[in-house]
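Per-entry structural report
Residue-level listing of the chains:
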Amino acid sequence: MNMLSKYLKLYLLAGSNNLKSLLVYKLDFIIGLVSMFLNNAMRFLILVFIFNLVDNIKGWSFDQMLFLYGFSTMVTGLWHCFFINVISLPYYIRTGEFDRFLLRPVNLLFQITIDSLDEDGWGELLLGLALVLVAYSRLGLPLWKLPLLVPLALSGSAIFIAVSLLLSSVSFISVGGVPVMELMGKLFEFTKYPVNIFSQSLKVILTCVIPLGFAAYYPGLVFLGPETLPYLILAPVVSAAYFVFAYFVWNYSIKFYVSSGS
Amino acid sequence: MLQKLSARLKLRAAFARIGFARNQVYAIATYINVLTAFLFVAIQYFLWKAVYENSVAGAYSFKEMLQYVVAAEILSACIHTNADRQLGAMVRTGSLAHVMLKPVSFTEQIFFESLGVNIYRGIFVALPLLLCAVFAFGVEYRFGFFELAGFFALAGLSYVFIYLFELLLGLVSFFSINTWGINSMKLAVLTIFSGRFLPISVYPEQVRAAVDCLPFKIMYFAPLNYLIKGGDWAGVLLQQCLWIAGLFLLVSFLQGALLKKTVIQGG
């Protein structure tokens, strides 16, 4: 308990410091927010154009796709706001800053996470939320399910954290310079579409091997599908398990870390 | 005369080599690029397959649509000079001062250095994409010699247009030190108006009419649509040349005016 309160205190402290450093450049903060919102909205427009050609994709109507797209954007935004620093690991290794983290008596992953917050993610989060709410009302989904959005979005972003942890483990072995960001972008893109459009083998991969399906698709089925309970239980369980797995891999691969010496 | 020319070319080739070499550091990067390429083609393949399970009205068939979206990704891997970002960084850090002291103008330095980068990306990003699409997903890229030659000519002009456009945005960063807003505008323009993700001819009618009036379609849509659908090659070429000439005049005017007023920020 003592431990928990210590970490909570640290998080709040680091969080308020990060927020202060963002607010030094107020205009930058607003521009970052607006531009991220705009960029994502433009990408979304492409989906609107596709639905101008057809009225459903594998049985998914526009409103349902809207919900899924929004939910996925929201989850990406959450990850982007609070956990994107996980992928800065190559940078910390290259500059030698990683050694500093190793010396402190605080959890390593925790230190990296709180080292900087990203302001761009807020635009993504807001757009995602807006799309989800619009889709929610257009589909006339039951109101009692609405609060479920919060825990399911959190569990979805745990999948993203796990994926980014696994990818950043690579940088312990090869010092930085690996284009993981583009790879991650493509991986996350899988969550914007229903898993059932993919081939059988990809479906298995997205469900069992890299369970990106549990980031948005399966949580989405809690709202869109006929069955609520199984997915409602399954999604957080899978996320938690995958996160723990990724965390162990990440922790294990620290053993291969050799300081760059700078 | 000839000697002078070859010396000039050598100097510029050196810039290109710098750009190429800067990327060529980590072998593992290539494997990651192949994996990224595979994922991209997989998403597009299955998405469009699902879309075309319905009867789709419109100019593009499933096969052509796949050709288009993959070719656009290939093109985007090696067609951007990022002159805006480079110039913005020079202005922000003040390194513009010593860049301007070199015997080659900074616009040329940017052009040739990014040419080196793009040759690297052409080999290590675009080629894996092409191979992945053809061998793993059976996307057909079989074109006649003249079609291909025509396409490369148009794509070359697109390259010049994109360079000038990005240079123009970079020059704007002389006014505003913050380049975020500019960069996001560029992305918005690219996403919707250039045909980067979808052929403009399948856009909804009103949007298409509006986008058709703008010059940005010559970045992606014009060369790709010619490659896949054929059509009026000379007309597209003429259009590209006109826009490039206009943009060139604007950029050189702005460049001349701005450089006189430049204040280097400490550095």
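Residues numbered from 1 in each chain as written. Chains lettered and ligands numbered in written order. Predicted model: local features only at pLDDT ≥ 70, side-chain atom pairs only at ≥ 80, totals over all residues. Heavy atoms only, no water.

**Points about the interface of chain B and chain A**
At the interface, 36 residues of chain B touch 38 residues of chain A. Summed over both sides, the interface between chain B and chain A buries roughly 3500 Å², with carbon and sulfur atoms accounting for 76% of that surface. Where chain B touches chain A, the interface holds 2 salt bridges. Here Glu53(B) makes a salt bridge to Lys58(A), at a shortest N to O gap of 3.4 Å. Counting the contacts that link chain B with chain A gives 3 residue pairs in polar contact (both at pLDDT 80 or more). Of all the elements in the fold, those that place two or more residues in the side of chain B that touches chain A are helix H2 (28-51) and helix H8 (180-193) of chain B. For the side of chain B that touches chain A, the leading source of residues is H2(B), giving 15 residues. (Contact = heavy atoms within 4.5 Å. Buried area = accessible area lost by both parts, 1.4 Å probe. Salt bridge = Lys/Arg side-chain N within 4 Å of Asp/Glu carboxyl O. Polar contact = N/O pair within 3.5 Å; in protein donor to acceptor, adjacent residues only side chain to side chain. Helix = DSSP H or I, 4+ residues; strand = E, 2+ residues; numbered from the N terminus.)

**Focus: the layout of surface pockets**
Residue and element names in this part refer to chain B. The volume enclosed by the second largest pocket comes to roughly 560 Å³. Elements with a minimum of two residues in the lining of the second largest pocket: helix H3 (62-77), helix H6 (106-137), helix H7 (145-172) and helix H10 (221-229). Among the elements that take part in the lining of the second largest pocket, H6 stands out by supplying 7 residues, more than any other. Residues that form the lining of the second largest pocket fall into these classes: 19 nonpolar, 3 polar and no charged. (1 Å grid on protein atoms, 1.4 Å probe; cavity = no way out; pocket = protein on both sides within 12 Å on 5 of 7 lines; lining within 4 Å. Points joined across faces, edges and corners; volume = space filled by probe spheres on them. Nonpolar A, V, L, I, M, F, W, Y, C, P; charged D, E, K, R; others polar.)

**Description of the environment of Lys20(A)**
One can find Lys20(A) in helix H1 (residues 2-23). Taking C-alpha positions, Lys20(A) is 41 Å from Thr228(A), a pair spaced 208 residues apart along the chain.

**Structural notes on the packing of aromatic side chains**
In total, this model carries 43 aromatic pairs over all chains according to the counting rule given. Between Tyr252(A) and Phe256(A) the ring centres are 5.9 Å apart and the planes differ by 75 degrees, which places this aromatic pair in the edge-to-face class. What makes Tyr252(A) partly exposed here is its relative accessible area of 49%. Owing to a relative accessible area of 45%, Phe256(A) belongs among the partly exposed residues under this scheme. Ring geometry for Phe111(B) and Tyr163(B): centres 4.8 Å apart, planes at 75 degrees, overall edge-to-face. Remark: Tyr163(B) occurs in helix H7 and Phe111(B) occurs in helix H6; sequence separation between them is 52 residues. The same class applies to Phe111(B) as to Tyr163(B), namely buried. Clustering of aromatic rings is evident, with ring pairs tying together Phe190(A), Phe198(A), Phe38(B), Tyr45(B), Phe46(B), Trp48(B), Tyr52(B), Phe62(B) and Phe137(B). Seen from the ring of Tyr60(B), Lys229(B) lies directly overhead, with NZ or CZ sitting 5.3 Å from the centre. (Phe/Tyr/Trp six-rings, centres within 6.5 Å; stacked < 30°, edge-to-face > 60°. Buried < 20%, exposed > 50% of the residue type's maximum accessible area, 1.4 Å probe, protein only. Lys NZ or Arg CZ within 6 Å of the ring centre and 35° of its normal.)

**As for helix H7 (residues 121-139) of chain A**
Residues and elements named next belong to chain A. An ideal rise of 1.5 Å per residue puts 27 Å on 19 residues; H7 measures up with 27 Å between its terminal C-alpha atoms. Here H7 has its buried residues at Gly121, Gly123, Glu124, Leu125, Leu127, Gly128, Leu131, Val132, Ala135 and Tyr136. At the exit of H7 stands Gly140, carrying a positive phi of roughly 60 degrees. (Expected span 1.5 Å × (residues − 1).)

**Digging into the nonpolar core**
Here is a general trend for soluble globular proteins: nonpolar side chains tend to be buried in one another's company. Ranked by internal contacts, the top residues of the largest apolar core, which has 170 residues, are Ile57(A), Phe98(A) and Trp48(B). Sequence-distant contacts of Trp48(B), defined by excluding residues within four places in its chain, comprise Ile50(A), Phe62(B), Met65(B), Leu66(B), Val69(B) and Leu198(B). Ranked by size, the runner-up nonpolar core spans 5 residues in total, among them Tyr7(A), Val106(A), Phe110(A) and Ile114(A). (Core = buried A, V, L, I, M, F, W, Y, C linked by side-chain atoms within 4.5 Å.)

Geometry only, nothing functional implied.
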